[in-house]
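Geometric and topological summary
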Amino acid sequence: MCDKYKALFPRARLGNLKRLFEDTTNLFTGKHPDFMANNLKYHDYEHTLQAKVCLMHLLEGRHLAKTAPRFNARQFELAIASALLQDSGYQKNRSDTEGSGAKYTFIHVLRSCSYAASYLPSIAGNESEITGVLHAIRCTSPISEVATIPFRTEVERVAGFALSSADYLAQMTAADYSDEVDFLYHEFKESYDFFNTPTDKRLFLCADALKKATLFFWDRFVLPRLEREYQGVYHFLERPYPGGTNLYVKA
């Protein structure tokens with residue numbers, strides 16, 4: 001990650017990026033003083049890193065294409081922060097002894113925003129930058145109406161759309177995605193149970209139903225969302241750009 005960042009921004013300093021990565025690793029592995037280690041099998045640290053890698057490739061492609069407005073080093077750094085912090089809301093406080101972090105599935109975006117807002121000042125995040133990261137994290141919610149998010153700049157908007165695109169593509173193209181759908185279902189179920197969601201309000205009643213819905217989910221929800229709501233920024237994953245192979249879409 002740092003090598004790619006330095007290749008794009010040779011004069012940039014690595015201090016904040018290194019600290020961000022170290023602090024996020026500590027958060028997910030139980031070395032944070034206030035939070036337990038992540039105890040999920042789907043939304044684990046590997047999932048977060050997959051999204052981060054995809055986002056890096058997407059923003060790299062956009063930067064090399066010299067598409068305006070261009071990200072500066074700090075804006076790129078904050079975009080990576082949004083990827084690493086987007087699922088921090090699954091983490092349980094040390095005093096929280098009931099169930100797993102999966103119970104927060106349907107409110108994890110709000111909890112992630114709360115954690116990000118408290119953490120970012122430690123890497124010199126000011127109020128405006130923090131707001132931008134929170135806007136990006138909000139984009140990742142499947143129920144988010146991204147047109148209503150009050151982005152203040154085009155860079156902020158692109159960062160949000162790039163993060164959301166990377167989040168979807170990274171998880172659905174993972175080599176073990178089909179094997180982990182069972183884990184994803186059980187995360188949904190725990191959250192449904194935690195909030196006492198009636199059976200008729202639950203999207204999936206068994207893991208098989210979730211598996212069978214995967215192709216429909218891709219064709220009818222994810223791909224149209226990538227193209228329309230997120231304005232096709234996923235095309236910057238094409239190598240060469242434009243028109244080359246998009247390995248994520250191919251996968």
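Residues numbered from 1 in each chain as written. Predicted model: local features only at pLDDT ≥ 70, side-chain atom pairs only at ≥ 80, totals over all residues. Heavy atoms only, no water.

1. Describing the layout of surface pockets
Counted as a void, the largest pocket has a volume near 1100 Å³. As for the largest pocket, its lining consists of 34 residues, of which Phe 106, Ser 141, Pro 142, Ile 143 and Phe 188 are closest to the centre. For the lining of the largest pocket, the elements supplying multiple residues, two or more each, are helix H5 (108-119), helix H7 (154-172), helix H8 (177-194) and helix H10 (214-229). Of the pockets and cavities examined, the second largest pocket occupies roughly 280 Å³. Taken together, 17 residues line the second largest pocket, and the ones lying closest to its centre are Gln 75, Leu 78, Gly 132, Val 155 and Glu 156. (1 Å grid on protein atoms, 1.4 Å probe; cavity = no way out; pocket = protein on both sides within 12 Å on 5 of 7 lines; lining within 4 Å. Points joined across faces, edges and corners; volume = space filled by probe spheres on them. Helix = DSSP H or I, 4+ residues; strand = E, 2+ residues; numbered from the N terminus.)

2. A word on the packing of helix H6 (residues 127-139) against H7
Running from N to C, H6 and H7 point in directions that differ by 35°, and their axes come no closer than 8 Å. As for how H6 packs across H7, the hand of that crossing is right-handed. Along the contact surface, H6 presents Gly 132, His 135, Ala 136, Ile 137 and Cys 139, while H7 presents Glu 156, Ala 159, Gly 160, Phe 161, Leu 163 and Ser 164. (Axes fitted to C-alpha atoms, helices over the stretch in contact; angles between N-to-C directions. Left-handed = near helix turned anticlockwise from the far one by under 90°. Contact = heavy atoms within 4.5 Å.)

3. What to know about the packing of aromatic side chains
For any pair of aromatic rings, geometry is given as the distance between the ring centres together with the angle between the planes. Applying the stated criterion across every chain, the model contains 19 aromatic pairs. Measuring from centroid to centroid gives 6.0 Å for Tyr 115 and Tyr 119, while their planes differ by 10°, and the two rings are stacked. Of this pair, Tyr 115 and Tyr 119 both sit in helix H5, 4 residues apart, roughly one helical turn. Cluster of aromatic residues (ring-pair linked, three or more members): Phe 151, Phe 161, Tyr 168, Phe 217, Phe 221 and Tyr 230. Between Arg 111 and the ring centre of Tyr 104, over which it is positioned, the NZ or CZ distance is 3.8 Å. (Phe/Tyr/Trp six-rings, centres within 6.5 Å; stacked < 30°, edge-to-face > 60°. Lys NZ or Arg CZ within 6 Å of the ring centre and 35° of its normal.)

4. What to know about empty space enclosed by the protein
Summed over all chains, the structure comprises 2 cavities of 30 Å³ or more. If you trace the largest cavity, you find it lined by Tyr 42, Asp 44, Glu 46, His 47, Gln 50, Gln 171, Ala 174, Asp 176, Tyr 177 and Glu 180. Among the secondary structure elements, those contributing two or more residues to the lining of the largest cavity are helix H3 (45-64) and H8. Examining the composition of the lining of the largest cavity, we find that 3 residues originate from one element, H3, more than from any other. By residue class, the composition of the lining of the largest cavity is 3 nonpolar, 3 polar and 4 charged. Taken as a whole, the second largest cavity spans an internal volume of roughly 40 Å³. What lines the second largest cavity is Leu 59, Arg 62, His 63, Arg 70, Phe 71 and Phe 76. With 3 residues, the top contributor of residues to the lining of the second largest cavity is H3. (Nonpolar A, V, L, I, M, F, W, Y, C, P; charged D, E, K, R; others polar.)

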